[in-house]
Amino acid sequence: MCGRYATTTDPAKLAVELDAIDETDDRGFDPNYNVAPTNRVLTVVERHDRDHPEDPATLRIRAMRWGLIPPWTKASEPGVPVKGKPLFNARADKAATTASFRDATKKRRCLVPMDGWYEWITETDGNGKAVKVPYFMSRADGGRIYMAGLWSVWRDRSQGDDAKPLLSCTILTTDSVGELTKVHDRMPLPMAREHWDAWLDPDHPAPEELLETPTEAAVSDIVLRQVPALVNSVKNNGPELLGQVDEQAGQISLI
């Protein structure tokens with residue numbers, strides 16, 4: 001699964017790198033070392049221009065709420081969706097047949113950029129007490145990872161034409177492979193650059209093979225390492241969350 005991750009890019013930089021249109025607002029994005037569900041996150045989509053739908057679709061950077069809100073969700077108060085199950089992850093092998101994700105799988109697919117993600121292993125310390133030890137999975141070269149995601153548009157139908165759209169997304173997960181099985185049996189689904197066009201295409205369904213579990217070779221550049229327990233609390237947020245754990249303090253084995 002993927003319930004916490006880190007991202008240090010900003011939309012303007014990302015737009016330049018990808019030759020995309022920055023459609024985020026002016027609230028800005030600071031580096032976030034402890035992204036959690038319901039946070040506002042960056043996504044990459046491919047869409048047609050609303051005023052010129054006949055033009056080719058282009059890459060766009062959009063801000064979305066992490067935790068997909070299905071379009072049929074009712075409002076608890078004007079403009080606010082009813083709280084439901086936190087749909088921040090979706091199984092890649094079941095998304096196409098699951099009511100909450102079926103429509104998005106057909107025509108609203110996205111990429112979620114991140115520096116890496118966190119998982120926890122429950123271990124026993126020297127006093128026999130169970131502790132959760134955090135690990136960070138990232139590319140060995142420090143490069144950005146783009147995870148496959150789905151997105152949705154929600155509007156409060158009771159507000160009619162005045163309803164403002166709320167964009168939300170979920171990250172697809174798949175079976176872990178290779179070294180990543182040591183920390184969890186599930187992992188977010190990375191999308192290789194050569195598959196972006198097919199995955200983001202708003203006019204055609206994505207090839208089914210893009211939802212399959214990747215090979216070990218496809219994730220061989222992802223490494224894992226223990227990080228400070230500071231990340232255990234969402235109140236903590238800073239580069240120190242990715243600091244090197246003091247080996248003399250007793251690094252817990254993954255085996």
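Residues numbered from 1 in each chain as written. Predicted model: local features only at pLDDT ≥ 70, side-chain atom pairs only at ≥ 80, totals over all residues. Heavy atoms only, no water.

## Some words on unusual backbone geometry
Argument step 1. Its identity is not glycine, yet Asp-19 carries a phi of approximately 55°, on the positive side.
Argument step 2. You can see Asp-19 is positioned in the loop between helix 1 (11–18) and strand 2 (21–22).
Argument step 3. Judged by its relative accessible area of 70%, Asp-19 is exposed.
Argument step 4. The backbone phi angle of Thr-38 is positive, close to 80°, even though this residue is not glycine.
Argument step 5. With respect to the helices, strands and loops of the structure, Thr-38 is situated in the loop between strand 3 (32–35) and strand 4 (40–47). (Helix = DSSP H or I, 4+ residues; strand = E, 2+ residues; numbered from the N terminus. Buried < 20%, exposed > 50% of the residue type's maximum accessible area, 1.4 Å probe, protein only.)

## Digging into the sheet that holds strand 10 (residues 116–124)
Argument step 1. Taken together, five strands build an open sheet; the order of strands is 3-1-10-11-15 and the sheet is antiparallel. Of all the strands in the sheet, just strand 3 and strand 15 (222–226) have a single pairing partner and so form its edges. In this sheet, neighbouring strand axes are inclined to one another by 30° on average, regardless of whether the strands run parallel or antiparallel.
Argument step 2. Where strand 1 (residues 5–7) and strand 10 come together, two bridges link them in antiparallel fashion. Looking across to strand 10, one finds that Ala-6 is bridged to Gly-116. (Pairing = 2+ DSSP bridges. Axes fitted to C-alpha atoms, helices over the stretch in contact; angles between N-to-C directions.)

## So, the pattern of salt bridges
Argument step 1. Under the definition given, this model contains ten salt bridges.
Argument step 2. A salt bridge links Glu-23 to Arg-62; the shortest N-O distance between them is 2.6 Å. Of the two residues, Glu-23 sits in the loop between strand 2 and strand 3 while Arg-62 sits in strand 5 (residues 58–66), which places them 39 residues apart along the sequence.
Argument step 3. Overall, Glu-23 belongs to the partly exposed group, its relative accessible area being 33%.
Argument step 4. Ionic contacts of the salt-bridge type, sharing partners, join the residues Glu-23, Arg-60 and Arg-62 into one network. (Salt bridge = Lys/Arg side-chain N within 4 Å of Asp/Glu carboxyl O.)

## Quick look at the packing of aromatic side chains
A ring pair, where both rings are aromatic, is described by two values, the distance of the centres and the angle of the planes.
Argument step 1. According to the stated counting rule, one finds five aromatic pairs in the structure shown.
Argument step 2. With a centroid separation of 5.1 Å and 65° between ring planes, the pair formed by Tyr-5 and Trp-66 is classed as edge-to-face. With Tyr-5 in strand 1 and Trp-66 in strand 5, this pair connects stretches of sequence that are 61 residues apart. Judged on exposure class, the residue Tyr-5 and its partner Trp-66 are both buried.
Argument step 3. Relative to Phe-136, the ring of Tyr-118 lies with its centre 5.0 Å away and its plane at 50°, an arrangement referred to as tilted. Here Phe-136 lies in strand 11 (residues 130–139) and Tyr-118 lies in strand 10, a separation of 18 residues in the sequence.
Argument step 4. For Tyr-118, a relative accessible area of 0% gives the class buried. (Phe/Tyr/Trp six-rings, centres within 6.5 Å; stacked < 30°, edge-to-face > 60°.)

## Comments concerning helix 1
Argument step 1. Every buried residue of helix 1 is accounted for by Pro-11, Leu-14, Ala-15 and Leu-18. Viewed along the axis of helix 1, the buried residues span an arc of 100°, placing them on a single side of the element.
Argument step 2. Contact partners of the buried residues in helix 1: strand 2, strand 4, strand 5, strand 9 (109–114), strand 12 (145–154) and helix 3 (196–200).
Argument step 3. One side-chain oxygen of the residue at the start of helix 1 lies 3.1 Å from the amide nitrogen of Ala-12, identifying that residue as Asp-10.
Argument step 4. Two residues or fewer past helix 1, Asp-19 is found with a positive phi of approximately 55°. (Arc of directions from axis to C-beta. Contact = heavy atoms within 4.5 Å. Polar contact = N/O pair within 3.5 Å; in protein donor to acceptor, adjacent residues only side chain to side chain.)

## Things to note about the confidence of the model for the protein
Argument step 1. When pLDDT is averaged along the protein, the result is 92, and 96% of the positions lie at 70 or above.
Argument step 2. Note that residues 250–255 has pLDDT below 50 and, in this model, 14 contacts with residues that lie over four places away or in other chains. (pLDDT = per-residue confidence, 0-100.)

## A word on the pairing of strand 9
Argument step 1. Among the six residues in strand 9, six count as buried, and that is most of the element.
Argument step 2. In strand 9, alternate side chains face the same way, and those of Arg-109, Leu-111 and Pro-113 on one face and Cys-110, Val-112 and Met-114 on the other are all buried.
Argument step 3. Note that strand 9 and strand 12 share six bridges and pair antiparallel. Bridge pairing links Pro-113 to Tyr-146 in strand 12.

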